[in-house]
Structure formats: structure tokens, C-alpha cells
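Given next are the chains, with one letter for each unit.
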Amino acid sequence: MAYKRQIDRLPIPPADAQVHNVTCHYCIVGCGYKAYTWPRNKQGTMDNNAFGIDLGEQQPADGTWLAPSMYNMVRQNGQDVHLAVVPDHECVVNSGLASIRGARMAENRPSRVTGTQQQRLSDPLVWRNGVWQPTTWNDALDLVARVTARIVNEYGEDELVVSMFDHGGSAGGYENTWATGKLYFDSMKVKNCRIHNRPAYNSEVHSSRDMGVGELNYSYSDYEVTDTIFMIGANSLETQTNLFLNHMVPGLRNGAKFIMVDPRRTVTVHAAEEVAGKDNVLHLAIKPGTDMALFNALLTHIVDNGWTDNDFIAASTFQGGEAVTEGSSQPAGLGSLDYAMQTCRTSIEEAAGVCGVDAADIVKAAEWIAQPHDDGARRKCVTAYEKGIIWGNDNYRTIGALVNISLATGNIGREGGGCCRLGGHQEGYYRPSDAHVGRPAEYVDQLLIKGGGKVYHIWACDHYKTTLNASQFKRVLKKRSDMVKEAMDAAAGGTREELVDAIVGAVNAGGIFVVDVDIIHSQIGQNAHVLLPACESNEMNLTSMNGERRMRLSERYMDPFGNSKPDCLIAAGVAQHMETALRDLGNDAYADQFKGYDWETEEDAFMDGYNAGNPEVTYDRLRAMGNNGVQEPVAGYESGQLVGTPRLYADGQFDRHGRDDRKALFCAAQWRGYAAAGKAREAENHDFFVNNVRANIFWQNQFLDQDSDFVQDRFPYPFIEMNADDMADLGIAAGDLIEITNENGATQGMAYPTDTAKRGQVAMVFGSPAGSQGNVVNPGVSELILPEYKLTFGNVRKLADAPPQARAVSFKSKEYKA
């Protein structure tokens, strides 16, 4: 996509332009935007335009204005129209702010006129005669269904492996998660499935839910009235930009303290210092993977000093010792606070030794979290965590230890409190029961590597970039898929039945038939046999909720690209063809399970799924709520408005665990070092801790930026942040291409000197198409098959001097310098 360097003017939206509600689909914050569309041969004037302002005057930085990135020309109802997507000042999420991703939504739309996003898939593709050939939907779906039906009919549903999204945003939403869930969990009972960013079908926060606490329980407004923001394993200025700027910054300006737990100093720490002053910011730069020891010491200090909320504990938490015994599906015991303290008790000095931070700083953190004010009032603390511990050491116990602190201090369900994950994508999960999957769920990557599965359906996932043990996974999947390609090539010119026979013969010999549903031809899609083109948000109507459970309808304002379709209608097409294929195989009873997919629009899928469980919620009612939407769960519909829930557990009743007593449980989170296999050995045998991190410019949309000069000029290669002294020791200069290696594999990127980086630590951007950090992540997972992407170790060496693209990069500090 060409970067619009030379644009000096833009068309003005006319006063009668169509206006659409838009929720940014790139990250969980879910900022509100307005999309304006109008005919190609028309525009407004300086004093008569859709914005209702005088554009002849200079607009303030926080005003309404249109940048080149906010403009494009797209297809709408078969006609070329102008498109402008600008931030919505009335949306309480962002109040008119735009992130570098959301503000580029327009230019990231496919356009035949401006040439943007021409890598988008426009038609189904089938591997035919040695290449991917475009074909019709009927032909592609028929092949998918006949191979899949043959396999599950003859060998059982365990031979069908599925990777699928479980989120909101561009590739998810309540429409699409319902449709895929209905297909694989209702019409079938597929057990061997995995989620887009982890190798099994599971929650990333099992312990929090088992304790009764849903992981999205606060309102963003709580940051503005709290006393302390306690952030762990996250970098919100980088990855939840407008949550930080529009909610955390006001809280800091109102006097809130800020605690960051992260081995790496980030731009979020620096920004907090700029806003609140260094005396009000505490960065606990712990040794990688030692978070649990820190949390247990904080809890111990809080309990021993009597800073617990005893009334809350008595009324809302379990009191009878052990409530749930540790077991294979329950990696730690759960029960009362006294019960948990038997294993959690950790001294300040012990934690300081384990974590590598000053004991005085641990005490200060405990005081900022829980020490009552001088007038005796309880301290309010918002706890926010993300991938640093979700994908870190000993997931279950570590998150449980953190939730313990919020429960002990009564900081869940109260204004200015909360204990929430910060999230990646928006949420949009609505599926039939997945109880048949089991717990722990199947480790799907290892299943595939060991030769399991005969058919593999992939929905909006590219595990070549985003899985652990990626080097081996890619080698094996390519080898197995190539066996099927060779069989398909040998059957060229034959009948459909002969082609299906050839494919089944190849998978019985160890191959695998791969179907990939995506918006681009991804890396994993290069090893597919059928590619099904999906459209994304605003090429379809899409509902989802953000990190404070704010549900909105993001409206369609343009046509799907080419012949692409919403995922929900693709799933419906697969189901309809499966019914036909199974009847042709003589299995009418099984075929009957694939009835009920006669949807014509995404709204039909929404009504079949989400609306059936929440009848008060409809497209029309959500549309009327605008970009402020309604916070789930929806409590009713009154006076023409959907009634929501600002924060969960305000009544002190906890329900996520499903227990009748509705009492929250504490977690017996015992520190036990590096828990996953191979991690301690890797740490001992390699020179560098290899963190995986995000970058603001392409967080959640890097796959769309591979042809964007604007992005590629900034990071032509995946960056690897390093300490300058480490670079000097290894003869590495800024921009040099370097390689990270260990026994799992190798990956490469661009050396980026960073003056705040610790010696012996590097930080590599995650999910880059040009270099996968997952290549060097070992296959070790938690008991519940949560990946430990964050706990990786390797060696570093120089590969080549900085190429021309890297020499053009600015390597100035990412921290703002006054």
C-alpha cells in the first residue's frame, strides 16, 4: 500500500454524507469512530460540511479534522464512494482520541481506486494443477465438505482438527464466534481444537474464573477515581493507547500512584512518570517469571499489617478452609484466605531475593496498594494485568496470587477498584458448550506434530507467526500438507470423487488436508489446499464488547472485497454442504445435525445465537445506543434504552465459578520456580532472556501492513531491543541483522539499541511476518496447556551489517524527551 506522502488536500464530507457507527476492530479498547461515506462526484464546503464546523479556520489538535490516513475510496452498493473514518468525540471510551491503528482504518481498507490492500483474498482458491486457482464458492465448499464428511463419517470427529478465533474485532464478534461454535460444537463435537494464540482450546485466566472472578469486571472510569493503578506484564501506552491516555492519565493527574511490574522498562513507565512525577511511580523490574513470589509477599505484608477488608472477606469470600482440592484440572487448591495463606505466605526478604528487587520497594508497593488513608478510609486500587503473566511462568497460580490481593483488599466490585486483564482483541465469544473438549484440553500443536488429525480447518489464525515451538510446527505441517498437494496434482483432470479419494488416501498415509479461512493469503495459508476469503468488520455488521464489557454494533459501510463473505456465512455454507455430502454418503441421521444454517445475513446469525440467549438485544437497539453502546451483561430495556452493568460484583456476589454459595475463593498459590519443562535448563544454558513485546504502530494489524511504506519505513524488519554494551561485546551496530538461537530453532531481526534495556535481556516484537519469535519458544506449557511465550532464553549473534532499509531507521529513544 502506498503511503500518501504527497497529499496536500482531501475532499470535504458534504453535510448529507451517510454516517455510520464504527468501533475500531484492532484492539480491546474499542474506540468509537464515525465513518462518513458520500458519492464520488460530490463534496462539501468549508462552511457546509458533515462535521458542522468552519473548516476555513485552523482546527485544534483535539478537534475534528481529517488526515490522509483517515480517507480512502471504497465500494458501497457496487459504486465507488468517498470514505472518511474519524474519531467520535462523544464516545466515552476515547473522547475523540485516535490511535495510530484506529486512525488508519480508512487507508487499511481495500480499494481498487487507490490501490490499498490489494493482497486481500477476493475469491475462493483451490490447489489445482500445481497452483492455487480461483473458483466458485459452490466448488470450494463442496470440496471442503466432501473431504471433511468422508473423514468424520469413516474415522470420527477426532480426526478433524480446528483452529479458530475466540474474540471480537475484525475476525470475530458474536456473529462469527456463534457460527463457528455451532458448526464445531453443536453440529459436531470437535475435541481437537485450538484458539488463535494458544495451542489448545482453553481460557487464559482459568484461576480467576475458578475463584469466581470474571476477568473483565470494572469500568474504564474506575482508573479516573482510583488511588493506585497496579499494572503487571502490560504496556498500555503501546497496546491500549487510548485507555491509557483517556482514563489512566486523568487518574494520575487526580493523584493516583502507579506501580508497574515488568522486567523491562517501557514507554508506559516513562509516560506515567511524566504525568504523575517520578515520586508517584514505582517500577518493579523483577527477574523474569518471578511475579508470583512478589504477589505472595505483597499479600503477606497486607495481611500481617491488618490492611485487609475484613467486612468484604466475611461477607463475600469462602470461610471454611479448603473448598476445592488441587487436581489435574485444578492446578492449585482454592478456599478461604487463611487456607491460601498456608502456601502463599512469603516474607519481604524472601521475595526480594527471588525477584531481584529492593525489599523497600516491595513494602512501598504494598502500602500504595492497601495501606488505609490517614482518615482510615480504605485505599482504592485498580489492578490490570496482561500477557506478561498470562503467557508467563506458572499461569494458574500466578494469576490466582494476583487476584488474591484484590480480594483481600476488597477491590473487586467497588468504584475505583477491579482486577482485570487488559486484553488483546475485543471480546465477542458466544458459542454452544465446549464441555466435551475437556480440561486440560488437547495440546493440538503436539497432536499435529505427532501425525494426528487428517483434516485441519483454520479460521483467521496464522500459527506460523503466533505459536510456540513454531520451527518444528511449520516443518511438520508443511511436510504433511505437501503430501496432499502431490496427491491432488496426481489426480488432476479426474472427477470430484477421484479427487476426494486421492486426498483421503494421502491423509491416511500421514498427510493432512488444510482449509484456511482468512482475509489474506497468510504464511500458514501457503500450505493450505482450499482458501476461503473472509471479509472483516465494516464490510459486515459486527457486534463485540471491549475491555469494560461495552457492547456496540459496528456498522457495515462498504461492500466485502471481491467475493469474500462474513465468517458466519462461510460457516453456514460449510454446514449446508456437509449436510448434502453426508446424505450422499447415506448417513441421514448425521446429516440432520447440520440443519438450521439458512442464514442470509450476519444479522440472521446474530439472532440465531446471541439474541436467542439475550432477547432484549437487537441490531436496531444497539444501533440506537451509538458508539457508547451498553455494558454487558444487559439487565433490560427501559425507556428506549438498553440497560447495562457498569461493573461486576457490586453486590458482593461472585458467580464465574458457578458455585451456589456465590462466595469468592482464594488461591493456594505456592511459588515453585520455573514450572514448565525445559525453562530452567534454558535459562541456565543461554546468555539472553528473550522477551516478546508489541509495537504501537502495528499492534494487532501488522499482517495488513506488510505493503505499507509508512510502517515498513519505521520497522523494515522485526526489531530486537538490546543493551548497547551487549551489542558492543558482540560487534553489533544499530540496524544490523541479528539471529536468536537455541535448541528449539532460530529467528532473526534488526538490532535496536535501547538505553533502558538490561544487560542479558532482549525484547523482540511478537508475531512479525518477517521473523517469528515463536521459533525459539520451547514446547513447554502449563498444566492447562497455556503457552509460556514470555519465558524464553537464547543466544544472539550478528548475521549481516545493516541493509539500506535499516540504515534509514531512526534509532532514537522511544521515550519522550522534554
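Residues numbered from 1 in each chain as written. Predicted model: local features only at pLDDT ≥ 70, side-chain atom pairs only at ≥ 80, totals over all residues. Heavy atoms only, no water.

1. Focus on the overall build of the chain
Then, in step 1: Looking only at helices and strands, one finds 26 helices and 30 strands in the chain.
Then, in step 2: Taking 2.2 N^0.38 as the reference for a compact globule, 818 residues should give roughly 28 Å; the C-alpha atoms of the chain span a radius of gyration of 26 Å, in line with that estimate.
Then, in step 3: C-alpha extents for the chain along the principal axes are approximately 80 × 70 × 65 Å.
Then, in step 4: Of all 818 residues assigned to the chain, the portion counted as buried reaches 64%.
Then, in step 5: Taking contacts inside the chain between residues at least 6 apart in sequence as the whole, the part at least 24 apart equals 77%.
Then, in step 6: With an accessible surface of roughly 28100 Å², the chain has 46% of that area assigned to carbon and sulfur atoms.
Then, in step 7: On the chain, the mean spot of the 76 positive side-chain charges and the mean spot of the 104 negative ones are 3 Å from each other. (Helix = DSSP H or I, 4+ residues; strand = E, 2+ residues; numbered from the N terminus. Rg over C-alpha atoms; globule rule 2.2 N^0.38 Å. Buried < 20%, exposed > 50% of the residue type's maximum accessible area, 1.4 Å probe, protein only. Contact = heavy atoms within 4.5 Å. Areas by Shrake-Rupley, 256 points an atom, 1.4 Å probe, with all protein chains shown as cover. Lys, Arg positive; Asp, Glu negative; His and termini not counted. Charge placed at Lys NZ, Arg CZ, Asp CG, Glu CD.)

2. A look at the sheet that holds strand 12 (residues 322-324)
Then, in step 1: In space, the three strands of this open sheet follow the order 12-13-24, with antiparallel pairing throughout. Lying at the two open borders of the sheet, with one neighbouring strand each, are strand 12 and strand 24 (666-667).
Then, in step 2: Alignment of strand 12 against strand 13 (residues 334-335), held across two bridges, turns out to be antiparallel. Of the residues in strand 13, the one forming a bridge with Val 324 is Leu 334. (Pairing = 2+ DSSP bridges.)

3. Digging into the pattern of salt bridges
When the charged atoms of two side chains with opposite charge come close together, those side chains can pair.
Then, in step 1: For the structure on display, the rule yields 56 salt bridges.
Then, in step 2: The residue Lys 191 makes a salt bridge to Asp 158 at a minimum N-O spacing of 3.8 Å. Of the two residues, Lys 191 sits in the loop between helix 2 (173-187) and strand 8 (193-195) while Asp 158 sits in the loop between helix 1 (137-155) and strand 7 (160-164), which places them 33 residues apart along the sequence.
Then, in step 3: Relative accessible area serves as the criterion here: at 28%, Lys 191 is assigned to the partly exposed category.
Then, in step 4: Asp 158 sits in the partly exposed class, given a relative accessible area of 40%.
Then, in step 5: In this structure, the salt-bridge partner of Glu 555 is Arg 623, at a minimum N-O distance of 2.7 Å. A residue pair is termed long-range when its members are at least 10 positions apart, and Glu 555 in the loop between strand 20 (550-554) and helix 18 (567-584) and Arg 623 in helix 22 (residues 619-625) qualify at 68 residues.
Then, in step 6: By relative accessible area, which is 10% here, Glu 555 ends up buried.
Then, in step 7: Arg 623 sits in the partly exposed class, given a relative accessible area of 31%.
Then, in step 8: Each of Arg 128, Asp 139, Asp 142, Arg 146, Arg 496 and Asp 584 takes part in a single network of salt bridges with overlapping partners. (Salt bridge = Lys/Arg side-chain N within 4 Å of Asp/Glu carboxyl O.)

4. Observations regarding helix 16 (residues 470-490)
The periodicity of an α-helix, 3.6 residues per turn, causes residues three or four positions apart to be oriented the same way.
Then, in step 1: With 21 residues, helix 16 should cover 30 Å at 1.5 Å per step; its first-to-last C-alpha distance of 30 Å lies within 8% of that length.
Then, in step 2: Taken together, the buried positions of helix 16 are Ala 470, Ser 471, Phe 473, Leu 477, Arg 480, Ser 481, Val 484, Lys 485, Ala 487 and Met 488. (Expected span 1.5 Å × (residues − 1).)

5. Quick notes on helix 7 (residues 267-276)
Then, in step 1: Counting buried positions over the 10 residues of helix 7 gives eight, a clear majority of the element.
Then, in step 2: By the burial criterion, the buried members of helix 7 are Val 267, Thr 268, Val 269, His 270, Ala 271, Ala 272, Glu 273 and Ala 276.
Then, in step 3: Packed against the buried residues of helix 7 are strand 9 (228-232), helix 5 (236-239), helix 6 (241-253), strand 10 (257-261) and strand 11 (281-284).
Then, in step 4: Phi turns positive one or two residues past the end of helix 7, at Gly 277, with a value near 90°.

6. Considerations on the state of the cysteines
Then, in step 1: Across all of its chains, the model carries zero disulfides by this definition.
Then, in step 2: Here Cys 461 is not cross-linked by a disulfide; its sulfur's nearest cysteine counterpart is in Cys 193, at 11 Å. (Disulfide = S-S within 2.5 Å.)

7. Things to note about the UniProt feature "domain: Molybdopterin oxidoreductase" (unreviewed entry) in the chain
Then, in step 1: Feature annotation in UniProt assigns "domain: Molybdopterin oxidoreductase" (unreviewed entry) to the following positions: residues 120-574.
Then, in step 2: A helix fraction of 41% and a strand fraction of 15% characterise residues 120-574, whose end C-alpha atoms lie 21 Å from each other. (UniProt positions renumbered as here; feature names shortened; annotations may be inferred.)

8. With respect to the environment of Ala 17
Then, in step 1: Relative to the helices and strands, Ala 17 is located in the segment before strand 1 (18-23).
Then, in step 2: Residue classification places Ala 17 among the buried residues on the basis of a relative accessible area of 10%.
Then, in step 3: If near-sequence neighbours (up to four positions away) are discounted, Ala 17 is found in contact with Tyr 36, Thr 37, Trp 38 and Ala 50.

9. Let's talk about the domain arrangement of the chain
Then, in step 1: With domains assigned, the chain is organised as domain 1 (18-108), domain 2 (125-201 + 437-540 + 558-610), domain 3 (206-314 + 347-423) and domain 4 (679-808).
Then, in step 2: The C-alpha-based centres of domain 3 and domain 4 are spaced at 28 Å.
Then, in step 3: At the boundary of domain 3 with domain 4, total buried surface from both sides reaches about 1900 Å², with 56% on carbon and sulfur atoms.
Then, in step 4: The largest share of the area that domain 3 buries against domain 4 comes from Glu 238, Arg 264 and Trp 391, three residues that together contribute 36% of it.
Then, in step 5: Inspection of the region where domain 3 meets domain 4 yields two salt bridges.
Then, in step 6: Here Glu 783 and Arg 397 are joined by a salt bridge, their closest N and O atoms 3.0 Å apart.
Then, in step 7: Taken together, the links from domain 3 to domain 4 amount to 10 residue pairs in polar contact (both at pLDDT 80 or more).
Then, in step 8: Elements that contribute at least two residues to the side of domain 3 that touches domain 4 include exactly helix 5, helix 13 (387-390) and helix 14 (395-408). (Domains from an automatic or database assignment. Buried area = accessible area lost by both parts, 1.4 Å probe. Polar contact = N/O pair within 3.5 Å; in protein donor to acceptor, adjacent residues only side chain to side chain.)

10. Some details on the pairing of strand 30 (residues 793-800)
Then, in step 1: The pairing of strand 25 (residues 688-693) with strand 30 spans two bridges and is classified as antiparallel. Following the sheet pairing, Phe 688 is matched in strand 30 by Gly 794.
Then, in step 2: The pairing of strand 27 (residues 737-742) with strand 30 spans five bridges and is classified as antiparallel. Within strand 30, the residue paired with Ile 740 across the bridge is Val 796.

11. Description of the packing of aromatic side chains
Then, in step 1: Under the defined criterion, the tally for this structure stands at 27 aromatic pairs.
Then, in step 2: Ring centres of Phe 185 and Tyr 201 lie 5.1 Å apart, and the angle between their planes is 90°; on these two criteria the pair is classed as edge-to-face. Taken together, the residues span a long stretch of sequence, with Phe 185 in helix 2 and Tyr 201 in the loop between strand 8 and helix 3 (206-210) at a distance of 16 residues. The two residues Phe 185 and Tyr 201 agree in class, both being buried. (Phe/Tyr/Trp six-rings, centres within 6.5 Å; stacked < 30°, edge-to-face > 60°.)

12. Quick look at a negative patch on the surface
Then, in step 1: A cluster of like negative charges, contributed by Asp 598, Glu 600, Glu 603 and Asp 604, occupies part of the molecular surface.
Then, in step 2: Structurally, Glu 600 can be placed in the loop between helix 19 (588-592) and helix 20 (602-608).
Then, in step 3: Owing to a relative accessible area of 69%, Glu 600 belongs among the exposed residues under this scheme. (Patch = residues over 30% accessible without salt bridge, like charges linked within 9 Å, V, L, I, M, F, W, Y side chains within 5 Å.)

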